Amino acid sequence: MKRSLLGVIAFLAMLLPTYVRAWVPTPIVNGEVISFDEGSSIPSDAERIRIASHLPLINAIYLDVIVVVAYYDLNSEGQSAMALARAESIKQFLMEIGVPSTRVYTETKALKSIKSLAPSTRPKPGSVEFEYAGQCINRTVCEQECPGGKCKGLDQR
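Residues numbered from 1 in each chain as written. Predicted model: local features only at pLDDT ≥ 70, side-chain atom pairs only at ≥ 80, totals over all residues. Heavy atoms only, no water.

*Asks:* Please explain the overall build of the chain as it appears in this structure.
*Replies:* Of the regular secondary structure elements, the chain holds five helices and four strands. Starting at the N terminus and ending at the C terminus, the chain contains elements arranged as α-β-α-α-β-α-β-β-α. In the chain, buried positions account for 30% of the 157 residues. Counted over contacts in the chain with a minimum sequence separation of 6, partners at least 24 positions apart contribute 81%. Summing over all exposed atoms, the chain offers an accessible surface of approximately 9,800 Å²; the carbon and sulfur share of this is 57%. (Helix = DSSP H or I, 4+ residues; strand = E, 2+ residues; numbered from the N terminus. Buried < 20%, exposed > 50% of the residue type's maximum accessible area, 1.4 Å probe, protein only. Contact = heavy atoms within 4.5 Å. Areas by Shrake-Rupley, 256 points an atom, 1.4 Å probe, with all protein chains shown as cover.)

*Asks:* Before we go on, may I ask you to explain the state of the cysteines in this structure?
*Replies:* Any covalent bond linking the sulfur atoms of two cysteines counts as a disulfide. Going through the model one piece at a time under the given rule, you end up with two disulfides. Between the sulfur atoms of Cys136 and its disulfide partner Cys142 the distance amounts to 2.2 Å. Disulfide Cys136 to Cys142: torsion about the S-S bond roughly 120°, handedness right-handed. Accessibility assignment for this pair places Cys136 and Cys142 in one class, buried. Two residues share a disulfide in this structure: Cys146 and Cys151, whose sulfurs sit 2.0 Å from each other. Where Cys146 bonds to Cys151 through sulfur, the torsion about that S-S bond is close to -70°, and the disulfide is left-handed. Look at Cys146 and you get buried, because its relative accessible area is 6%. (Disulfide = S-S within 2.5 Å.)

Function cannot be inferred from these measures alone, as they are strictly geometric.
Laid out in structure tokens, this is it:
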């Protein structure tokens, strides 16, 4: 009896990683850089469409957070307030399309504080990045919305 019970336990232990992999949600990180017209804190219709195109994936994950970061040039007067207005504008639009306000966080960053980045990866003044993270709960939708490794995490499973 003991020998067969140990055999069953060993067999189940061998299968456990297979079953765990089948139901553990996959972490997803995705995002977009949004551009604004000079002097404007309202995203254009084209940029709103780009933001809204993320909604199917946002709805297919258990959303942890959306972080909206607006960048400004430290040497330009009044740019900090404009950056904050742009970040808040993106947050407002996300709320309008159904994202809970408790999941969206905004911040601003001065470009002088991130000069260590290579010029090709350095954000442009006036741009806003929004990045969201969560656990994929609908793998089919996640795979459809993340073709070609568009999302970090999904292809690492």
